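If you want the building blocks of each chain, they are given just below.
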Amino acid sequence: MNSHHFLVGLTGGIGSGKSAAADRLAELGAAVIDTDLIAHALTAPGGAAIEPIREAFGNDVITADGALDRKAMRDLAFSDPQARRQLEAIIHPAIRAESDRQIREACGPYAVLVVPLLIESNSYRERYDRICVVDCPVDVQIARVMTRSHLPEDQVRAIIAVQSSREEKLAAADDVVDNSGDLASLYAQVDRLHARYLAAAGATS
Ligand SMILES: CC(C)(COP(=O)(O)OP(=O)(O)OC[C@H]1O[C@@H](n2cnc3c(N)ncnc32)[C@H](O)[C@@H]1O)[C@@H](O)C(=O)NCCC(=O)NCCS
Ligand SMILES: Nc1ncnc2c1ncn2[C@@H]1O[C@H](COP(=O)(O)OP(=O)(O)OP(=O)(O)O)[C@@H](O)[C@H]1O
């Protein structure tokens, strides 16, 4: 494998369908790396972010077995902007370092990094060869997240409110996947993009 991977940044609002799109790309053979999974590993028992989080927020946000108490942290992070920024200052540098490491080690014709907060991050344009946005109406995002995660509507709206808007994401997109339809429609679009990413990765390697 060449040292520079062709890197697709895959983003979209909460519940837009990033994981569904990424799972399809992985099935097709892309090397998929998911920053939400990295964030979860950092906050599992013994994870590198646990002690800094305990120091910043106290034992109220750590469970008896030493993991991040995700509900307690969610309630805090999405009602108190200062707390959210403090949490991000702890977790984001570690996510960046670990995702860079996984990209370097990735095997496959090209790599996909799934990042919920991609366009919120610094110098994102230099990092990615293509930016792919999974898009659907806010009401669809809310309905899907309420079904999947059993969160109250107010909390889903509060999370969406601190993320960049659909319009901001679409303006930054090289490629857009419209996920307002069924999964078959999502997969058909993702399959076409995969063929284009393969061709583009081959052309630059
Ligand atoms: C607040 C936490 C504990 C809530 O945990 P929970 O299990 O409910 O959610 P999970 O981590 O699976 O994230 C689900 C979705 O929430 C949204 N989200 C998460 N963190 C943030 C954030 N800081 N700002 C905006 N949206 C966010 C994203 O759309 C993400 O896909 C957790 O999200 C967290 O540790 N967030 C800080 C790290 C971060 O910024 N992660 C997202 C980018 S990698
Ligand atoms: N086209 C679709 N039709 C029906 N359900 C869908 C569709 N796309 C995704 N879903 C479902 O909606 C939920 C959200 O999708 P997914 O987990 O892929 O979103 P996400 O963008 O990764 O979310 P998050 O930001 O919370 O990680 C999941 O339960 C998924 O199975």
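Above this text is the structure in question.
My aim in this report is to walk through the structure given alongside it, one point at a time. (Residues numbered from 1 in each chain as written. Chains lettered and ligands numbered in written order. Predicted model: local features only at pLDDT ≥ 70, side-chain atom pairs only at ≥ 80, totals over all residues. Heavy atoms only, no water.)

**Observations concerning the site of ligand 2**
Part 1 of the reasoning: Around ligand 2, the structure places 15 residues, and the nearest of them are Lys 18, Ser 19, Ala 20, Arg 148 and Asn 179.
Part 2 of the reasoning: In the model, a nitrogen atom of ligand 2 is placed 3.4 Å from a nitrogen or oxygen of the Arg 144 side chain.
Part 3 of the reasoning: Here a nitrogen atom of ligand 2 and a backbone polar atom of Gly 181 are 2.9 Å apart.
Part 4 of the reasoning: In the complex, the protein chains occlude 76% of the 630 Å² of accessible area that ligand 2 would expose alone.
Part 5 of the reasoning: At the level of elements, α1 (18-28) and α7 (138-149) are the ones that each hand at least two residues to the shell around ligand 2.
Part 6 of the reasoning: For the shell around ligand 2, the element with the highest residue contribution is α1, accounting for 3 residues.
Part 7 of the reasoning: Of the residues belonging to the shell around ligand 2, the class tally is 3 nonpolar, 7 polar and 5 charged. (Near = heavy atom within 4 Å. Polar contact = N/O pair within 3.5 Å; in protein donor to acceptor, adjacent residues only side chain to side chain. Areas by Shrake-Rupley, 256 points an atom, 1.4 Å probe, with all protein chains shown as cover. Helix = DSSP H or I, 4+ residues; strand = E, 2+ residues; numbered from the N terminus. Nonpolar A, V, L, I, M, F, W, Y, C, P; charged D, E, K, R; others polar.)

**Things to note about the nonpolar core**
Part 1 of the reasoning: Membership of the largest hydrophobic core comes to 32 residues, with the highest contact counts inside it found for Ile 53, Ile 91 and Tyr 128.
Part 2 of the reasoning: Looking at this core, the elements that each hand over two or more residues are β2 (31-34), α2 (35-42), α3 (50-57), α4 (70-77), α5 (81-105), β3 (111-114) and β4 (130-135).
Part 3 of the reasoning: With 5 residues, α5 is the single largest residue contributor to this core.
Part 4 of the reasoning: Both of domain 1 (1-30 + 110-200) and domain 2 (38-107) provide at least three residues apiece to this core.
Part 5 of the reasoning: In this structure Ile 53 touches Thr 43, Gly 58, Val 61, Ile 62, Leu 68, Leu 87, Ile 90 and Ile 91, once residues within four positions along its chain are discounted.
Part 6 of the reasoning: Listed in part, the 18 residues of the second largest apolar core include Phe 6, Val 177, Leu 186 and Leu 193. (Core = buried A, V, L, I, M, F, W, Y, C linked by side-chain atoms within 4.5 Å. Buried < 20%, exposed > 50% of the residue type's maximum accessible area, 1.4 Å probe, protein only. Domains from an automatic or database assignment. Contact = heavy atoms within 4.5 Å.)

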